[in-house]
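# Examination of the molecular architecture
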Amino acid sequence: MFFKIKSTDTESNARSGEIQTDHGTIPTPIFMPVGTVGSVKGVTQRDLEDEINAKIILGNTYHLYLRPGLDILKQAGGLHKFISWNRPILTDSGGYQVFSLADNRKLKPDGAHFRSHIDGSKHIFSPEGVIDIQRTIGADIIMAFDECPPGDATYDYAKKSLDLTESWLDRCIKRFDQTEPLYGHHQSLFPIVQGCVYTDLRKRAAEHIASLNREGYAIGGLSVGEPAEVMYEMVEVVNNILPKDKPRYLMGVGTPENILEAIERGIDMFDCVMPTRNGRNGMLFTSEGIINIRNQKWRDDFSPIDTKGTTFVDSRFSKAYLRHLFVSNEMLGPQIASLHNLGFYLWLVSEARKMIENKQFSSWKKQMVKKVATRL
RNA sequence: GGGGAGAUACCAAAGUGGCCAACUGGGGCAGACUGUAAAUCUGCUGGCGUAAGCCUUCGUAGGUUCGAAUCCUGCUCUCCCCA
């Protein structure tokens, strides 16, 4: 993997660049659609390529390990082949699941003991095991196994959690460096900065991780309940420490507004379920603002879903029709909305790139932040 | 013609003397969703009011009762069975 910065903003820490992988080049800043179980929900691979122009998508170690399981993925020749996706893939390690499935797990020094949400069977995720699993899945970028504490975690808990995450990280790196990719393409391991909302913990974590000289770095444990301002502050603290010449990935973020704010603070990569999940639930993100398409006011609005949208659904279908689909519980509604939202997210980051390259990012961002957060 | 059952809010359907402005489901309206156990979840849904509360409502007209969607009588309508 190779990362190069193409352009930097004069008034902020925003930068544009390129990540080269064996499955193609990813322009940054980038948004990565989430395809947890090997499917970006409601959107076909063809639409991801041709309509949305997604450059990289996510998969999830926890979910793919449970289903379809490693034997199938190995037989298929890895996740790329299994899901017929020849562009880059990033897999999350399952750290977030360790957090969100907290009722079903116990954290022990050797790893996380948990029960499958599917059939209740018992499993252990160790740092080494998670690396091995991600070797089998075969994503281009794989993540260290971490604990993602909730936004309101106490300092004491946050510190203990960070100790655990750091010890797990050392083991992940050791295992990663001792093993080889299975399918002939390179894999990169990204460590994750934790530390909750505590500046000194974030600094410590960032310094530790910066010293490891990996190919890219992630910031995790944000957008988990803390105020947005706190998240931005943590991003600033961490990005001041992380090396500038490596890609920085802010995990799980966020709203269009969050993304613009984070780009301004030097983040290069994002993923979030919001465009797909909220899309399925009737929320559309557009360049003019946010639409709840189920609201009655769209009932007789026959204008296109988004006149400035980049996907075919934006100009082809009306708001009134899309509302009708949602109200009627037609599966086409969520599909159209997911496609639209992902198209918008990818458009947003590509605009950001252009603006950074044209040295117009700051002024553009200022007005865009207002627009995208408007409720229509 | 004879016998039986029933009429409850937008729809369906509980409730059969006070805890009923009325269970529940649907529909409608609104909200939530941030490294996806989510095409899911939550709230509201007679009127006025921020609220306490007040007013009106269970086919219709009367009656019994301190009190009626609930009991009694007349009327209207609907459905089922037998001729």
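Predicted, not measured: the structure shown is a model, and the values here were computed from it.

## Focus: the environment of methionine 368
Along the chain, methionine 368 falls in helix α15 (residues 361-373). Remark: the alpha-carbon pair of methionine 368 and serine 121, spanning 247 residues in sequence, is separated by 47 Å. Not counting the four nearest positions on each side in its chain, methionine 368 is found in contact with Leu260, Ser287, Trp347 and Leu348.

## A few points about helix α8 (residues 199-210)
Along its 12 residues, α8 runs 16 Å from first to last C-alpha, staying within 8% of the 16 Å computed at 1.5 Å per residue. Turning to α8, its buried residues are Leu201, Arg202, Ala205, Ala206 and Ile209. For α8, the angular spread of the buried residues around the axis is 130 degrees, confining them to a single face.

## What to know about a positive patch on the surface
Judged by side-chain charge, Lys106, Lys108, Arg115 and Lys122 come together as a positively charged surface patch. With respect to the secondary-structure elements, lysine 108 resides in strand β7 (residues 105-108).

## A look at the pairing of strand β9 (residues 122-125)
When a strand is regular, its side chains alternate between the sheet's two faces. Of the two faces of β9, the one holding His123 and Phe125 is buried and the one holding Lys122 and Ile124 is not buried anywhere. Here strand β8 (residues 111-115) pairs with β9 via four bridges, running antiparallel. Residue pairing across strands places histidine 113 opposite isoleucine 124, the latter belonging to β9. Hairpin connection of β8 to β9: six residues between the antiparallel strands, including glycine 120 at a positive phi of 80 degrees.

## Re empty space enclosed by the protein
Applying the stated criterion across every chain, the model contains three cavities of 30 Å³ or more. Volume-wise, the largest cavity comes out at about 60 Å³. Forming the boundary of the largest cavity are Ser287, Asp306, Lys308, Gly309, Thr310, Asp314, His340, Gly343, Phe344 and Trp347. Within the lining of the largest cavity, the residues separate by chemical class into two nonpolar, five polar and three charged. In this model, the second largest cavity occupies a volume close to 50 Å³.

## Regarding the layout of surface pockets
A volume near 780 Å³ is recorded for the largest pocket. Along its surface, the largest pocket is lined by 35 residues, and Val34, Tyr96, Gln97, Asp271 and Val273 are the ones closest to its centre. In terms of residue count, helix α11 (residues 274-280) provides more of the lining of the largest pocket than any other element does, five residues in total. Partitioning the lining of the largest pocket into residue classes produces 13 nonpolar, 16 polar and six charged. Looking at the second largest pocket, it is lined by 14 residues, and the ones nearest its centre are Asn13, Ala14, Lys244, Arg248 and Arg265. Sorting the residues of the lining of the second largest pocket by element identifies β1 (2-8) and α9 (228-239) as the ones contributing at least two each. Among the residues forming the lining of the second largest pocket, the class breakdown is three nonpolar, five polar and six charged.

## A few points about the protein's contact with RNA strand B
Among the 43 residues in the neighbourhood of RNA strand B, the closest are listed as Cys148, Met251, Val273, Thr276 and Arg323. The backbone of glycine 252 places a nitrogen or oxygen atom 2.8 Å from a sugar or linking oxygen of RNA strand B. Asparagine 278 is positioned with one of its side-chain polar atoms (N or O) 2.9 Å from a sugar or linking oxygen of RNA strand B. If you list the elements that add at least two residues to the surface near RNA strand B, you get β5 (57-60), α5 (95-100), β15 (269-272), α11 and α13 (319-327). Ranked by the residues each element gives to the surface near RNA strand B, the list is headed by α11, at five residues.

## Here we look at the confidence of the model for chain A
Counting all residues, the mean pLDDT for chain A is 95, and 99% of those residues have values of 70 or more. ipTM for the predicted complex: 0.91, alongside a pTM of 0.93.

Rules of the game
Residues numbered from 1 in each chain as written. Chains lettered and ligands numbered in written order. Predicted model: local features only at pLDDT ≥ 70, side-chain atom pairs only at ≥ 80, totals over all residues. Heavy atoms only, no water. Helix = DSSP H or I, 4+ residues; strand = E, 2+ residues; numbered from the N terminus. Contact = heavy atoms within 4.5 Å. Expected span 1.5 Å × (residues − 1). Buried < 20%, exposed > 50% of the residue type's maximum accessible area, 1.4 Å probe, protein only. Arc of directions from axis to C-beta. Patch = residues over 30% accessible without salt bridge, like charges linked within 9 Å, V, L, I, M, F, W, Y side chains within 5 Å. Areas by Shrake-Rupley, 256 points an atom, 1.4 Å probe, with all protein chains shown as cover. Salt bridge = Lys/Arg side-chain N within 4 Å of Asp/Glu carboxyl O. Lys, Arg positive; Asp, Glu negative; His and termini not counted. Charge placed at Lys NZ, Arg CZ, Asp CG, Glu CD. Pairing = 2+ DSSP bridges. 1 Å grid on protein atoms, 1.4 Å probe; cavity = no way out; pocket = protein on both sides within 12 Å on 5 of 7 lines; lining within 4 Å. Points joined across faces, edges and corners; volume = space filled by probe spheres on them. Nonpolar A, V, L, I, M, F, W, Y, C, P; charged D, E, K, R; others polar. Near = heavy atom within 4 Å. Polar contact = N/O pair within 3.5 Å; in protein donor to acceptor, adjacent residues only side chain to side chain. pLDDT = per-residue confidence, 0-100.

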